[in-house]
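Structural overview
Below, each chain spelled out in residue letters.
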Amino acid sequence: NEEANKNQNKEPSEEQWRSFNIAAVQHYIIPAYESLASASAQLKSSTEDLCQNIDQASLDTVQQDFHHSMNAWQSIQNINFGPIEIALRNHSMQFWPDKKNHIGKQLGVLLNSNSPQLLAEENFHNASISVKGLPAIERLLFSDDALLKLQRKPFRCDVLTTITRNVS
């Protein structure tokens, strides 16, 4: 019993850490990012379909795909190292917490601009991180009268499509 306690308190060897890290990457990190890539690609596709035919069934599909993307992000958002850190990609995916309502303010500015130029890839790259990710998409999809707003204001769909492309 004393020998078992000694082994339990022993620090892992360099080889054990190496094996653990390889297993974590192969069996957790890569599959979780693949799931996120797949879910966000589906969200992008269904958003593009919605903006071609804005109806309740299409909105329902996009909302469901949003939930899949958010769940996929939540399963990997705890990884705060590696490529996700470049250009604040992690904050672009989910700007949070938003105690000062930056998302609402910046999204409002973007929507009110009605400027397709701001949505061009080279310009959107410089947009606030608060309008580039899942929380901004959520506000567009789940706001009061979301369907009516998308139908009446085509630029709203352009913004939604641009953000989902960015996430994807």
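A brief structural summary. (Residues numbered from 1 in each chain as written. Predicted model: local features only at pLDDT ≥ 70, side-chain atom pairs only at ≥ 80, totals over all residues. Heavy atoms only, no water.)

A count of helices and strands for the chain gives 10 helices and 0 strands. Taken from the N to the C terminus, the helices and strands of the chain come in the order α-α-α-α-α-α-α-α-α-α. Taking 2.2 N^0.38 as the reference for a compact globule, 168 residues should give roughly 15 Å; the C-alpha atoms of the chain span a radius of gyration of 20 Å, well beyond that estimate. With respect to the principal axes defined by its C-alpha atoms, the chain has extents near 75 × 30 × 25 Å. Expressed as a percentage of its 168 residues, the buried residues of the chain come to 35%. In the chain, once contacts between residues fewer than 6 apart in sequence are set aside, the share between residues at least 24 apart is 71%. Accessible surface, the chain: about 10,600 Å² in total, of which carbon and sulfur atoms supply 49%. Mean positive and mean negative side-chain charge positions of the chain (15 and 19 charges, respectively) differ by 8 Å. (Helix = DSSP H or I, 4+ residues; strand = E, 2+ residues; numbered from the N terminus. Rg over C-alpha atoms; globule rule 2.2 N^0.38 Å. Buried < 20%, exposed > 50% of the residue type's maximum accessible area, 1.4 Å probe, protein only. Contact = heavy atoms within 4.5 Å. Areas by Shrake-Rupley, 256 points an atom, 1.4 Å probe, with all protein chains shown as cover. Lys, Arg positive; Asp, Glu negative; His and termini not counted. Charge placed at Lys NZ, Arg CZ, Asp CG, Glu CD.)

Following the criterion strictly, the structure yields 2 salt bridges and no others. A salt bridge links Lys44 to Glu48; the shortest N-O distance between them is 3.5 Å. With a gap of 4 residues between them, Lys44 and Glu48 both fall in helix α2 (residues 14–52), about one helical turn apart. The class for Glu48 is partly exposed, based on a relative accessible area of 23%. (Salt bridge = Lys/Arg side-chain N within 4 Å of Asp/Glu carboxyl O.)

Attention shifts here to the nonpolar core. In this structure, Trp73, Leu107, Leu134, Ile137, Val159 and Ile163 are the most contacted members of the largest nonpolar core, which totals 38 residues. Looking at this core, the elements with two or more residues in it are α2, α3 (56–76), α5 (102–113), α8 (134–142), α9 (146–152) and α10 (154–167). Among the elements that make up this core, the one with the highest residue count is α3 (7 residues). Among all residues touching Trp73, those that are not within four sequence positions of it are Leu36, Ile84, Asn90, Met93, Gln94 and Leu134. (Core = buried A, V, L, I, M, F, W, Y, C linked by side-chain atoms within 4.5 Å.)

Evaluated as defined, the whole model comprises 1 disulfide. Through a disulfide, Cys51 is tied to Cys157; the S-S separation comes to 2.0 Å. With the S-S dihedral at roughly -90 degrees, the linkage between Cys51 and Cys157 falls on the left-handed side. Linking Cys51 in helix α2 with Cys157 in helix α10, this pair joins segments that are 106 residues apart in sequence. (Disulfide = S-S within 2.5 Å.)

On to the side chain of Ser92, then. Within the fold, Ser92 resides in helix α4 (residues 89–93). Other than its neighbours up to four places away in sequence, Ser92 contacts Ala87, Ile129, Lys132, Gly133 and Leu134.

A few words now on the layout of surface pockets. As a volume, the largest pocket reaches approximately 680 Å³. Arg89, Met93, Asn166, Val167 and Ser168 are the residues nearest the centre of the largest pocket, which is lined by 25 residues in total. When contributions to the lining of the largest pocket are tallied by element, the ones reaching two or more residues are α2, α4, α7 (121–124) and α10. With 5 residues, α2 is the single largest residue contributor to the lining of the largest pocket. For the lining of the largest pocket, the residue count by class is 14 nonpolar, 7 polar and 4 charged. (1 Å grid on protein atoms, 1.4 Å probe; cavity = no way out; pocket = protein on both sides within 12 Å on 5 of 7 lines; lining within 4 Å. Points joined across faces, edges and corners; volume = space filled by probe spheres on them. Nonpolar A, V, L, I, M, F, W, Y, C, P; charged D, E, K, R; others polar.)

A few words now on α3. The terminal C-alpha atoms of α3 lie 31 Å apart, and with 21 residues this matches the ideal 30 Å at 1.5 Å per residue to within 8%. Along α3, the residues that are buried comprise Ser58, Leu59, Val62, Gln63, Asp65, Phe66, Ser69, Met70, Ala72, Trp73 and Ile76. Summarising the contacts, the buried residues of α3 are in contact with α2, α4, α8 and α9. (Expected span 1.5 Å × (residues − 1).)

Take the environment of Ser45 next. You can see Ser45 is positioned in helix α2. By relative accessible area, which is 30% here, Ser45 ends up partly exposed. Along the chain, Ser45 and Arg165 lie 120 residues apart, while their C-alpha atoms are 8.8 Å from each other.

What is shown is where atoms sit, not what they do.
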